[in-house]
Amino acid sequence: MRVKVKLHASLQNGRFEEGDLQVAELTPVRGLVQRLGIPAGRVGILVVNGRHARLDDLLAPEDTVALFPPVGGG
Amino acid sequence: MAAPAEGLDPAAVTFVRCTVDLGAGTARIERLRCRNLEDVLGGVGRAYQLLAERDIRAAYCPENPLVVSTGLLTGSAVMTGLRTYFSAYSPLKHSDRGLPAAMWAAGSDKFGARLKWTGIDEVVFEGRSPRPVYALFRAGPSGPQVQLLPAERLLGLDTHRKIMALHQEHPDAHFAVIGPGGEHYESVYMGAVALSTENQFKSGEDKCRFAGRGGMGSVMGYKNLIALAAAGPDQVPPATPEVLEVNKTLLKPKAGGSTRYQPVRQGGGGGTWANLEVMQAFRAAPENNFRPKAHQAVEGLFRRNVEKDLEVRSEACFRCGIRCHNNVFERTPEGPGRFIAKFDYEPLNLFGSNLGLHDGPQTAELVKLADNLGLDAISAATTLAYVLDYNERHPDAPLLNGATFGQFERIRDLLRRTGEGLLPEIGRGVKRLSRNLGETAYAMHVKGLELPAFLPETNPGYIFAVAGGHMSMQTQMLLAKEGKTTLEEWTGVITRLGLLQAGFDAIGLCKFTGVWINSEVIARAVQAATGLPMTTGQLEQAARRIYLRGLALEWKQGYTDAEYTLPDQVFQDPNPAVQLPNFVTREYVRDLKRRVWAAFAPELQELAPTFPPKESAC
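Residues numbered from 1 in each chain as written. Chains lettered and ligands numbered in written order. Predicted model: local features only at pLDDT ≥ 70, side-chain atom pairs only at ≥ 80, totals over all residues. Heavy atoms only, no water.

J.: Which parts of the structure should I look at to understand the overall build of chain B?
T.: The helix and strand tally for chain B stands at 23 helices and 17 strands. The C-alpha radius of gyration computed for chain B amounts to 22 Å, which stays within 12% of the reference 25 Å derived for 618 residues, consistent with globular compactness. Overall, the C-alpha framework of chain B stretches about 65 × 60 × 50 Å when taken along its three principal axes. By residue count, 66% of the 618 residues in chain B fall in the buried class. Contacts in chain B between residues far apart in sequence, at least 24 positions, make up 68% of those at least 6 positions apart. (Helix = DSSP H or I, 4+ residues; strand = E, 2+ residues; numbered from the N terminus. Rg over C-alpha atoms; globule rule 2.2 N^0.38 Å. Buried < 20%, exposed > 50% of the residue type's maximum accessible area, 1.4 Å probe, protein only. Contact = heavy atoms within 4.5 Å.)

J.: Got a minute to help me understand the interface of chain A and chain B in this structure?
T.: One frequently used descriptor of interface size is the decrease in accessible area upon assembly of the parts. Counting from both sides, the interface comprises 17 residues of chain A and, opposite them, 28 residues of chain B. Between chain A and chain B the total buried area reaches about 1700 Å² when both faces are included, carbon and sulfur atoms providing 59% of it. Summed over the shared surface of chain A and chain B, the result is one salt bridge. A salt bridge links E17 of chain A to R304 of chain B; the shortest N-O distance between them is 3.7 Å. Remark: the boundary between chain A and chain B carries four residue pairs in polar contact (both at pLDDT 80 or more). (Buried area = accessible area lost by both parts, 1.4 Å probe. Salt bridge = Lys/Arg side-chain N within 4 Å of Asp/Glu carboxyl O. Polar contact = N/O pair within 3.5 Å; in protein donor to acceptor, adjacent residues only side chain to side chain.)

J.: Whenever I open this one, the nonpolar core confuses me. Can you help?
T.: If you look at soluble globular proteins, the nonpolar side chains tend to sit buried side by side. If you look at the biggest cluster of nonpolar residues, it comprises 212 residues, and the most contacted ones within it are F125, F351 and I507 of chain B. Among the nonpolar cores identified, the runner-up in size contains 20 residues, and L11, V29, V48 and V65 of chain A belong to it. (Core = buried A, V, L, I, M, F, W, Y, C linked by side-chain atoms within 4.5 Å.)

J.: In this structure, what is going on with the environment of F339 of chain B? I would like to understand it.
T.: Residues and elements named next belong to chain B. Counting through the fold element by element, F339 comes out in strand β15 (residues 335-342). Sequence spacing of F339 and Q296 is 43 residues, and the spatial spacing of their C-alpha atoms is 28 Å. Sequence-distant contacts of F339, defined by excluding residues within four places in its chain, comprise E205, D206, K207, N327, V328, F329 and K368.

J.: What is the right way to read the sheet that holds strand β10 (residues 193-195) of chain B from this model?
T.: The strands making up a sheet associate through hydrogen bonds between their backbones, and the pairing can be parallel or antiparallel. Residues and elements named next belong to chain B. One open sheet accounts for six strands, arranged β8-β7-β12-β9-β10-β11; its pairing is mixed. In the strand order of this sheet, the two ends are held by β8 (143-150) and β11 (209-211), each with one partner. Neighbour-to-neighbour, the strand axes of this sheet turn through a mean angle of 20°, independent of strand direction. The strands that helix α4 (residues 159-169) touches are β7 (133-140), β9 (173-178), β10, β11 and β12 (225-231); relative to β9, the one it contacts most, it runs at about 150°. (Pairing = 2+ DSSP bridges. Axes fitted to C-alpha atoms, helices over the stretch in contact; angles between N-to-C directions.)

J.: Help me understand unusual backbone geometry, please; the structure alone is not making it clear to me.
T.: For residues that are not glycine, phi is negative in most cases, and the peptide bond is trans in most cases. Residue and element names in this part refer to chain B. Positive phi, normally seen in glycine, also occurs at N224, with a value near 60°. Within the secondary structure, N224 sits in the loop between α7 (216-222) and β12. Positioned with a positive phi, K447 is a non-glycine residue whose angle comes to about 60°. By the secondary structure assignment, K447 is in the loop between β16 (445-446) and β17 (449-450). Note on K447: relative accessible area 3%, which makes it buried.

What follows is the structure, given as structure tokens:
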């Protein structure tokens, strides 16, 4: 199935800003993150279809996944 | 700091206080016994207890002390142990009754360490000098020595030039100075304190650090105290294997924290600049006075776009491995040229898109100007945004020079004249200005202190911050990071975690360690550097009491329940452009306050006899 992936800030480095990826059905977000070569600890915010999500959530066809690095205020 | 032989009995720990009577020109140095864990941690933990003893009705009065303090780990070999704290009743933050609120501001690099190494943990400046002076602290053969020296020749110099002039005379010292802003304290209530840095001395560039919030530089200006100097050789204690282990932990991603502030090239998040991209993804990056427009112009300030015009270098405070500074330079064929400014999320956004400016070089020039003038970037920029907003709403009767969003030259003129003391309308902050004009709904402050660059509709935690919204209540990115909206979630974070932020403004470490004050690594740091067996539970207790004492001090200064709220615009006119849940209503705030006050009640009734404040219609 196809999902849209948006990478933000430092997660774009050496990868891309936005793109479509083919993943197997019932793939958790964690699997997508691994495939992108991003250590799980480097994902600070994870949003699927505009809602905050978790690494173990399962992806569905045509989902839009946005990944952000950890951020802090100050 | 002399440690007890065993265990942590606060009464067995002592600290050295220097009390300087500026009116009489005398100083007294005494070793005092700690009364509690907050005294042991130091910083605002001690300073706020001293402020609580005073009955202060106006910030500019001789009885309002300025407390300059270090933390338990300031000057230690623990990484980031460089913090200096400035505490006083603030000319800027005030209750509706007109009473000044207690405030603190914090800054890094070596001034605090140098002060500590003279043998002084804390300085209390009493009274007011009859003439401009600076205070010089030095270790002497029989203990610390203090001198008050003439400072007339420093008047009128910007923060960097003051520091470099003092550096010529005292090459073995570090400095805390005010700029023109603090000198013009009568019309500038948002004066910052600039702290010298090693990098500044080596490069000759204006790379100060700042203790900006609450107008502590203006309090110095009122006291005719133009600068502080702490002289002497470096005395960083040897890093024992235990301290080295602590420092390694603080740098490791597993500690959960500092990686996000480290340079992108080292695999880090690139400092707080990265927040802009995150907030913009949710259309929550402030534009045009905290009113996002959902357009793409903000991206002009993204790092990758700023790097098209300017050079960015990752630099650090003295001996800090986190290297969170994103210093921007003009680009020349030979590489980085003139240093312009340090880009953090708050000044970058508040002097950029929040003023309708989306150009890196222009924004950098405004940040630099505010720093040179010694103005708190957050308060100055947020008040400027209000002026631009007012002028856009009143094109036929604008304020001052009529500037509106995006007009760089006019905005720069307003900022410059504010720092020169010529525009008290801006220099006294947005609460006073908006009340004078009778248009308070879009004045972006809470309890009289201007908001940093996080939208109020995304952070009801602002209501409970006691010394600035992102300094003393760690909730500013909770919605964007975790999507939390329920009363249970927000009450829990505010009353159990967010308030612990205050502990870092006692202990002497930087918040950019990225861990909580009650973390095991902080307890290890205390043990390794001082031998004090402080537990994580004790760290948490001390941090809670520091925060709660701050809250109690607000009520002492006349704050009522009605003042614990957000700007009215949040409730009256929610912004549909923001792509985060819209959950902060008047009813939500009312219910949140009930829950938070109830959670604090058992501890607060001892500290604040007037608790809880009488509930109003909000």
